[in-house]
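Here's the letter readout for the chains.
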Amino acid sequence: MKPIHSPALDLNLVKVFDALLETRNVSRAAELLGVSQSAVSHSLSRLRIMIGDPLFVRAGNRMEPTARAQRLAEPLRDVLLGAAKALTVEEDFSAEREERTFTIAALDSLLALLLPGVVQDAAQLRVSILVKSLSPMDTLEGLDEGTIDLAIGPFPRLRRWHESHFLYQDNQICLFDRRLVPVETPISAADYVRYPHIIPSIGDTLTSFVDEKLAKLGLRRQVVAGCTQFLAIPFLLTQAPTIATLPARLAQIAAPALGLTVSPPPFPSEPVDVLMAWHRRHSGSPSHLWLRKRILQTASGMESLESASS
């Protein structure tokens, strides 16, 4: 066994390797690490000699990892995560005694469902929650940079050093004010496209998967507004003859409160898995475990209520 104090065991080299794997570019890796490009190049040279492999080869403007580098990626990432965990380990955590602010990235509609379980006994806790609504890419970057503790949403692609836990499954449902949109339920495809739509949107476009579904039916709808704040949409529906297609759990809460009508959409709608995701460095943190447990308990309660009412 090699001694642990061997000069070859340099965590800075591992950090350079990981940064190059992430950025595929020497200058961007240098920016990420806060060092010069020459320092990154020098470290890469040391790594190549030590491992006996080029590790990264130029392909246009990118540095692509070799097969050996790809095999090293996971174990070396675990080395960094293990070091970070060891240096930041918490012995225990008490939400009643210790002040702690958690930053959560999620859509407002998701937090409306899950956040109450975290703050329901806020008077006895010293924990506070900072909520951010970010794009999927910014959310993943925030998890990596440590500016986001936990992310909640449907994440089709997570990075290999992220971990996740299933919370619940949701679907899509139509929502409208029958006083302004006098149609029968379940709503027909013809009625669905007869009225303008307000859509939930976290991007820069006024289209969604709904438009793809309608195109397959030879139909097209008019979108008059896109809104990043999902919770505002039900209120807008009470003011204008419009239709929205929203996550079913949100729509079913808003409908009785605002006198709105719900209906299945006139096309097949696949269920979506809602997850909570975090960086692996926080997996064993007592404070993060406390937060994840509270959110998981709330999600489990939602599933229990749904089963009891069905």
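Please read these numbers as outputs of a predicted model, since none were measured by experiment.

In this section: the overall build of the protein chain. The helix and strand tally for the protein chain stands at eleven helices and twelve strands. Expressed along its principal axes, the backbone C-alpha trace of the protein chain runs to roughly 75 × 55 × 30 Å. Counting all 310 residues of the protein chain, 44% fall into the buried class. Of the contacts made within the protein chain by residues no fewer than 6 positions apart, 75% connect residues no fewer than 24 positions apart.

Here strand E2 (residues 62–65) shows a clear split, with Met 63 and Pro 65 buried on one side and none of Arg 62 and Glu 64 buried on the other. As paired elements, strand E1 (residues 56–59) and E2 share four bridges and run antiparallel to each other. By the bridge assignment for E2, Phe 56 is matched with Pro 65. Where E1 folds back onto E2 in an antiparallel hairpin, the turn is made up of two residues, including Gly 60, whose phi is positive at roughly 70°.

This paragraph deals with the pairing of strand E9 (residues 223–227). In this sheet, E9 lies alongside strand E8 (residues 197–200) in parallel orientation, the contact comprising four bridges. Of the residues in E9, the one forming a bridge with Ile 198 is Ala 225. Considered for its hand, the β-α-β crossover made up of E8, helix H8 (residues 209–216) and E9 is right-handed.

On to unusual backbone geometry, then. Backbone geometry follows two general trends: most residues other than glycine have a negative phi, and most peptide bonds adopt the trans configuration. Cis rather than trans, the peptide bond between Thr 185 and Pro 186 has omega equal to 0°. Take Pro 186: it is sitting in the loop between strand E7 (172–176) and helix H7 (189–194). Of note in this structure, Leu 55 is not a glycine but carries a positive phi near 70°. Assignment of secondary structure puts Leu 55 in the loop between helix H3 (37–51) and E1. Here Leu 55 falls in the buried class, since its relative accessible area comes to 0%.

All told, the structure shown has 13 salt bridges when counted by the stated rule. The partner of Glu 163 in a salt bridge is Arg 280, with the nearest N and O atoms 3.8 Å apart. One end of the pair, Glu 163, is in strand E6 (residues 162–170); the other, Arg 280, is in the loop between strand E12 (272–279) and helix H11 (286–309), with 117 residues separating them in the sequence. With relative accessibility at 28%, the residue Glu 163 sits in the partly exposed group. Its relative accessible area of 19% is what places Arg 280 among the buried residues.

About the cut-offs
Residues numbered from 1 in each chain as written. Predicted model: local features only at pLDDT ≥ 70, side-chain atom pairs only at ≥ 80, totals over all residues. Heavy atoms only, no water. Helix = DSSP H or I, 4+ residues; strand = E, 2+ residues; numbered from the N terminus. Buried < 20%, exposed > 50% of the residue type's maximum accessible area, 1.4 Å probe, protein only. Contact = heavy atoms within 4.5 Å. Pairing = 2+ DSSP bridges. Right-handed = clockwise from strand over helix to strand, strands pointing away. Salt bridge = Lys/Arg side-chain N within 4 Å of Asp/Glu carboxyl O.

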